[in-house]
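# Observations on chain architecture
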2 protein chains.
Amino acid sequence: MPPTLDDVARAAGVSRSTASRVLAGYGPASPTTRDRVHAAATRLGYAPNPAARALVTGAGFRLVVAVTGMDPHVLDDPYVDRVVRAAAEVGAAQGVGVSLQWLPADAPGPALARLAADRGVHGVLVLNTTESVLAAVPDGLAGRVASIGIGSPTVPAFDIDNGGATTTMIHHLYASGRRRIAMVSGPQWMPCTRRPVDAYRTAVRELALPVRMVPGDFTYAGGEAAMSTVLEQWPDTDALFATSDAMALGALAVLRVRGVDVPGDIAVAGFDDIPFASYSVPALTTATHPVERIAAAAVTAILTGTRAPAATSYPSHLLLRESA
Amino acid sequence: MPPTLDDVARAAGVSRSTASRVLAGYGPASPTTRDRVHAAATRLGYAPNPAARALVTGAGFRLVVAVTGMDPHVLDDPYVDRVVRAAAEVGAAQGVGVSLQWLPADAPGPALARLAADRGVHGVLVLNTTESVLAAVPDGLAGRVASIGIGSPTVPAFDIDNGGATTTMIHHLYASGRRRIAMVSGPQWMPCTRRPVDAYRTAVRELALPVRMVPGDFTYAGGEAAMSTVLEQWPDTDALFATSDAMALGALAVLRVRGVDVPGDIAVAGFDDIPFASYSVPALTTATHPVERIAAAAVTAILTGTRAPAATSYPSHLLLRESA
DNA sequence: CTGAAAGCGCTAACAA
DNA sequence: TTGTTAGCGCTTTCAG
C-alpha cells in the first residue's frame, strides 16, 4: 500500500493537517517542522492521492479537447493529433489526462452542458470553434476554457497570426516578381479563414494587384480543384498561395500533370509546414504553424487557472524552399 | 451545485446505497425502485463525481502512454500522436484522460515505479517497448499495462502482423517479376524490427533469391542513405522494400535524382500508409498500419481490466499503387 | 505555529 | 430487496 499523508505525519511526528500544510507549501510552519515533514515524505516515497485531493477541492483531473465540426470526422486530422499530443505531454506533469471529443457545430449546447456538469472535467480546450459555439459556453465553465482559434469575452484565445503570415507571404511573392497572385482560402464558415482573406485583400490592394480568390477546404483534393479553377479562370496567374500545405501539394500535382513549371511559371506556397512539405517536388515553400507551442500555452493557462489575456497571437515564420 | 447521489436518492425516496446500486447496475433492486431512481437521476441531471468514486474504489482516472526510447524526442512522432489521439478518444467515454511521457530505454525502472505508486494512474500503455523495459514493469502495475509491440507474460501485446505483411509484400514483388529484392529494416535494437527481418529472410530463401538487407532508422534521411547503400552494393537491385513509408519516400527521392525509373527499373514499397503516401510521385505502394484500431483495443483492454490474451495480432493489408 | 474535527461524494460490507 | 454504517485520503476552518 502506498503511504498516505497520515503515514508521513506520523513519521514526522506531526499532525496530518500540519503535514498537509507543509506539503502544499501553504500556511505557516516552523523550519524544523517543515524539514521533518519533507524528509519523511521523501523517505516514505509519498505521493498524494489525486482522487482524495480532487474530491475535497472540487477540481477535476481531466482536460477535454473539444473539436467543433459538422461531424465526428473532424477528429480525424493530424492537426488534432498534434494538439492532443501536446496537451497530453503538458498535462502529464500535473497529473491531468486529456480526453478528446467532437463538439457538434450546429448544437454544441448539450455537449458543453455535460462538460460543465462533469466534476471530473478540469477544463476544456476548444478547437476550430465558432462564435456560436463560444456563445454557448455555460457559466459553469468560465475561467477554465481556452480556445485555439477565435476567442470571446469569457474564452481566451491562443492563435497563430495567420493574417500576418498571409501578408508576409504575399509580399514575398511580390518581391520575387509575382504580379498575379491567387489565393486558396479555407472553408468560409470557419472563423480562421477570415483573417488570411482580409490580409490578402489588403495586401493585393496596396500592391495594386488583381484579387484572385478561390475557396478551399484545406484538403489535397480541394487544392487540386482550386488549382484547376484558378488556371481556368485566370490562366495568366503566376503565383498561388494556399492556406494549407495539403492544398498546396494538391495544386502542385495538378501543375505537374499539366506540365507547368514550378516555380518557373507559377510559384506555389502553402501554410502549416507539415512533415512532408520539405520532401515534395519541388520542396514546398510554406510558413510554420507552431501548434505544439500554442497548445501547450493554452493548456498551461487552463491548468494554472491564471486569467489569460483575451488573445495571444503566435508569429508564423516563412520557410523558403523551392516552390516559391 | 451539481446534484449528488444523496439528492437522487432523496428524490427517488430510497437510500443512498440503493441509488448507488441501481445506478451502477450492480446488485439486486426491484423494478419499481430501479425506475424511480433512474427517473430521478435523469430529471436532476445527475452525473457521478469521478473523484469520489475513484477515492473509494482506489482506481485511477488517468491512462499513461509511455514511449520507450533513448531520449524524449521519441515523443515527436506522428505515430505517437495517433496513438495518443485514439486513446484520448476511447478514454473520453469512460471519463479517463490520457497523459504522455517518455520512458528512458536504458533506465525505465524509476519512471515505472513512479507510475505504479501514483494513485491517479489507471493504467499504462507502453509503446516501442523492449524486453528489458517489460521486465522492469513492477508488480503494482500488473493487470493494467498493455503494450503496442512486443509483450511479456504479464503484459499483453497488441501488435500489427508486420511479419505477415513483409511476407505478403515480398511475394507481391516476386509475382510482379522482381528477383533481386532489397530490404531496409528498422533500427536493430527495436524489437519490432525482428519479425520483418525474419520474414524477409525466410521469404527470399524460399524463393531462392539473394539476401540484400540494410538497416534503417524509419526516417526519410535514413531511407535516402539506405537506397544509396543498396545501389552501391548491389547495382542490379530491382526492388526495395522499406519498412516505413518515410524511408520509402527517401528512397524514391534518391532514385529520382539519379534518373532511375520507378517502378520500371526499381520497384519501391513502403510500410505504414502515412497520409501523403498516396500523393508521392509515383504514388507509393505500401501496407496499412491500423494504429488507431490497435490503440483503441489496447486501451479498452486496460480500461475494462479484462485479462487480455497474451498477444493480439492485427493484419496489414497491401495497398497497391504505382511504385511497386 | 500546530492540532482536532468535520466533511467532500461515493461504494461496499453488513444488518435488517 | 433495502437501509445503516463505516470509511477511502485529503483539505480546511477553527481552537488552542
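Residues numbered from 1 in each chain as written. Chains lettered and ligands numbered in written order. Predicted model: local features only at pLDDT ≥ 70, side-chain atom pairs only at ≥ 80, totals over all residues. Heavy atoms only, no water.

### Here's the deal with the interface of chain B and chain A
The test is simple: Every residue pair with non-hydrogen atoms within 4.5 Å of one another is taken to be in contact. In short, buried area is how much 1.4 Å probe accessible area vanishes from two parts on joining, totalled over both. Each salt bridge in this description consists of a side-chain nitrogen of Lys or Arg and a carboxyl oxygen of Asp or Glu lying within 4 Å of one another. Pairing of N or O atoms within 3.5 Å defines a polar contact, subject to two protein rules: one partner must be a possible hydrogen donor and the other a possible acceptor, and residues neighboring in sequence count only if both atoms are side-chain atoms. Numbering of helices and strands runs from the N terminus; a helix is a DSSP stretch of H or I covering at least four residues, while a strand is a stretch of E covering at least two.
Counting residues at the interface gives 38 residues for chain B, matched by 37 residues for chain A. When the area that chain B buries against chain A is broken down by residue, the three leading residues are Phe 61, Arg 85 and Arg 119 of chain B, summing to 17%. Connecting chain B to chain A are four salt bridges. The residue Arg 85 of chain A makes a salt bridge to Asp 81 of chain B at a minimum N-O spacing of 3.6 Å. The interface formed by chain B and chain A includes six residue pairs in polar contact (both at pLDDT 80 or more). Only α4 (50-57), α5 (78-94), β2 (97-104) and α11 (245-257) of chain B provide two or more residues apiece to the side of chain B that touches chain A.

### Section: the protein's contact with DNA strand C
Selection criterion: For each residue, the test is whether any non-hydrogen atom lies within 4 Å of the molecule or strand; if one does, the residue is near. Residue polarity is assigned by list, with Asp, Glu, Lys and Arg as charged and Ala, Val, Leu, Ile, Met, Phe, Trp, Tyr, Cys and Pro as nonpolar; anything else, Gly included, falls into the polar class.
Around DNA strand C, 24 residues are found, and the nearest of them are Arg 21 and Thr 33 of chain A together with Leu 5, Ser 20 and Tyr 46 of chain B. Of everything in DNA strand C that lies within 4 Å of the protein, sugar and phosphate atoms constitute 58%. For DNA strand C, a base oxygen lies 2.6 Å from a polar atom in the side chain of Arg 21 of chain A. One of the side-chain nitrogen or oxygen atoms of Ser 20 of chain B is found 2.7 Å away from a phosphate oxygen of DNA strand C. Elements that contribute at least two residues to the surface near DNA strand C include exactly α2 (16-24) and α4 (50-57) of chain A together with α2 (16-24) and α4 of chain B. When the residues that make up the surface near DNA strand C are grouped by side-chain class, the tally is eleven nonpolar, nine polar and four charged.

### Thoughts on the protein's contact with DNA strand D
The local shell around DNA strand D holds 24 residues, among which Leu 5 and Tyr 46 of chain A together with Ser 17, Ser 30 and Thr 33 of chain B are the closest. For DNA strand D, the fraction of protein-proximal atoms (within 4 Å) that sit in sugar or phosphate groups is 55%. A distance of 2.8 Å is found between a phosphate oxygen of DNA strand D and a backbone nitrogen or oxygen belonging to Ser 15 of chain B. A distance of 2.8 Å separates a base oxygen of DNA strand D from a polar side-chain atom of Arg 21 of chain B. Elements with a minimum of two residues in the surface near DNA strand D: α2 and α4 of chain A together with α2 and α4 of chain B. Tallied by class, residues from the surface near DNA strand D come to eleven nonpolar, nine polar and four charged.

### Overview of the relation of the copies chain B and chain A
How we decide: Copy-to-copy alignment: least squares on C-alpha atoms, limited to residues at pLDDT 70 or above in both.
Mapping chain B onto chain A calls for a screw motion: a turn of 180 degrees about the axis and a shift of 0.1 Å along it, with 0.2 Å RMSD after fitting. The superposition of one copy onto the other is thereby described by a two-fold rotation axis. In terms of proximity to the rotation axis, the leading residue of chain B is Gly 97 of chain B, whose C-alpha is 1.9 Å off the axis. An overlap of 97% is found between the interface residues of chain B and their copies at the interface of chain A, pointing to a shared contact surface.

### Observations regarding the UniProt feature "domain: HTH lacI-type" (unreviewed entry) in chain A
Put simply, the test is: UniProt positions are given in the numbering used here, feature names are shortened, and annotations may be inferred rather than shown by experiment.
The positions UniProt marks with the feature "domain: HTH lacI-type" (unreviewed entry) are residues 3-57 of chain A. Annotation note: span residues 3-57 of chain A, helix share 71%, strand share 0%, distance between end C-alpha atoms 21 Å.

### What about unusual backbone geometry?
Residues and elements named next belong to chain A. Here is the rule: Using a 1.4 Å probe on the protein chains alone, a residue whose accessible area is under 20% of its type maximum counts as buried, one over 50% counts as exposed, and one in between counts as partly exposed.
In this model, Val 262 is joined to Pro 263 through a cis peptide bond whose omega is 5 degrees. Assignment of secondary structure puts Pro 263 in the loop between α11 (245-258) and β9 (267-269). Phi angles above zero are rare outside glycine, and Phe 218 is one such case at about 75 degrees. Tracing the chain through its elements places Phe 218 in the loop between β7 (212-215) and α10 (220-233). Since its relative accessible area comes to 28%, Phe 218 is described here as partly exposed. The residue Asp 272 is not glycine, and still its phi comes out positive at about 135 degrees. Of note, Asp 272 is situated in the loop between β9 and β10 (286-287). Note on Asp 272: relative accessible area 18%, which makes it buried.

### Quick notes on helix α6 (residues 109-117) of chain A
Residue and element names in this part refer to chain A. Short version of the rule: An arc is given here, and it is the one of the directions from the helix axis to the C-beta atoms.
Those residues of α6 that sit buried are Ala 111, Leu 112 and Leu 115. Looking straight down α6, one finds that the buried residues subtend no more than 95 degrees of arc, so they occupy a single side. Looking at α6, the residues exposed on the side facing more than 90 degrees away from the buried face are Pro 110 and Arg 114. Considering only its buried residues, α6 is in contact with β1 (62-69), β2 (97-104), β3 (121-127) and α7 (131-135).

### Observations concerning the side chain of Arg 85 of chain A
By secondary structure assignment, the location of Arg 85 of chain A is in helix α5 (residues 78-94). Given the relative accessible area of 5%, Arg 85 of chain A is considered buried. The residues contacting Arg 85 of chain A, other than those within four sequence positions of it, are Glu 292 of chain A together with Leu 75, Asp 76, Asp 77, Asp 81, Val 84 and Leu 100 of chain B.

### With respect to the packing of aromatic side chains
Rules: Pairing of aromatic side chains here covers Phe, Tyr and the six-membered ring of Trp, requires ring centres within 6.5 Å, and sorts the geometry by plane angle: under 30 degrees stacked, over 60 edge-to-face, intermediate tilted. For a lysine, the NZ atom is tested; for an arginine, the CZ atom; a charge sits over a ring if that atom is within 6 Å of the ring centre and within 35 degrees of the ring normal.
With the rule as written, the count across this model stands at seven aromatic pairs over all chains. Here Tyr 220 of chain A and Phe 276 of chain B contribute two aromatic rings whose centre-to-centre distance is 6.4 Å and whose plane-to-plane angle is 65 degrees, an arrangement assigned as edge-to-face. Here Tyr 220 of chain A, found in helix α10, pairs with Phe 276 of chain B, found in the loop between β9 (267-269) and β10 (286-287), and the two come from separate chains. Accessibility classification places Tyr 220 of chain A together with Phe 276 of chain B in one group, the buried group. Three or more aromatic residues link up through ring pairs in this structure, and these residues are Tyr 220 of chain A together with Phe 276 and Tyr 279 of chain B. Arg 179 of chain A extends its terminal NZ or CZ atom over the ring of Tyr 174 of chain A, reaching a point 3.6 Å from the ring centre.

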